[in-house]
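Here is what each chain is made of, one letter per residue.
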Amino acid sequence: AGEAVVSCCGITLPPLEAGEPDPGHSLRAERVEDEYWVTLDHPMTKEHYITFLAAVSDQRIQLVKLYPEWGAEARFKIDGGKDLYACCNRHGLYKFRIK
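Residues numbered from 1 in each chain as written. Predicted model: local features only at pLDDT ≥ 70, side-chain atom pairs only at ≥ 80, totals over all residues. Heavy atoms only, no water.

**Student:** Honestly, the packing of aromatic side chains in this entry has me stumped. Any pointers?
**Tutor:** Geometry of an aromatic ring pair is reported as the spacing of the ring centres plus the angle between the planes. This model, assessed by the stated rule, comprises one aromatic pair. Look at Tyr67 and Trp70: their rings are 4.8 Å apart centre to centre, the planes differ by 65 degrees, and that puts the pair in the edge-to-face class. (Phe/Tyr/Trp six-rings, centres within 6.5 Å; stacked < 30°, edge-to-face > 60°.)

**Student:** What's the story with the sheet that holds strand S3 (residues 27-32) in this structure? I'm lost.
**Tutor:** Backbone hydrogen bonds hold the strands of a sheet together, and the pairing may be parallel or antiparallel. Within the open sheet, the three strands sit side by side as S3-S4-S7. Their pairing is antiparallel. The sheet is open, and its two edges are formed by S3 and strand S7 (73-77), each paired on a single side. Shown here is a sheet whose adjacent strand axes are inclined to one another by a mean of 25 degrees, direction ignored. Pairing of S3 with strand S4 (residues 35-40), which is carried by six bridges, proceeds in the antiparallel orientation. Paired with Arg31 across the bridge in S4 is Tyr36. (Pairing = 2+ DSSP bridges. Helix = DSSP H or I, 4+ residues; strand = E, 2+ residues; numbered from the N terminus. Axes fitted to C-alpha atoms, helices over the stretch in contact; angles between N-to-C directions.)

**Student:** Honestly, the environment of Ala29 in this entry has me stumped. Any pointers?
**Tutor:** Looking at the element boundaries, Ala29 is found in strand S3. On the accessibility criterion, Ala29 (35% relative accessible area) is partly exposed. Each C-alpha atom, one on Ala29 and one on Glu73, is 9.7 Å from the other, the two residues being 44 residues apart in sequence. Every residue in contact with Ala29, bar those within four places of it in the chain, is listed here: Trp37, Val38, Leu84 and Ile98. (Buried < 20%, exposed > 50% of the residue type's maximum accessible area, 1.4 Å probe, protein only. Contact = heavy atoms within 4.5 Å.)

**Student:** Is there a simple way to think about a nonpolar patch on the surface in this case?
**Tutor:** A cluster of nonpolar side chains, namely Val6, Ile11 and Leu13, defines an oily patch on the protein surface of about 270 Å² accessible area. Overall, the relative accessible area of 42% leaves Leu13 in the partly exposed class. (Patch = residues over 30% accessible without salt bridge, like charges linked within 9 Å, V, L, I, M, F, W, Y side chains within 5 Å. Areas by Shrake-Rupley, 256 points an atom, 1.4 Å probe, with all protein chains shown as cover. Salt bridge = Lys/Arg side-chain N within 4 Å of Asp/Glu carboxyl O.)

Below is the structure:
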């Protein structure tokens, strides 16, 4: 696959670059049987929330859409090392690494 142009409502969206997490966007990944239980200490109000969590490995991408007033948590199947991504509607995309 090559580069893509993504648009919404006629507006071309710029690519997101994942940044390093700051203290306000900390993630915990706990191993539970054959899954990772991932949680974030983050507000989940209508004005400020995590829009999705994603786990990316060599074999698959797992995405969980989150909504305001829900918990910032998800379960992901373990299949080797993973990069975890969290997207904050105010502060952008963050990348975390678990092994």
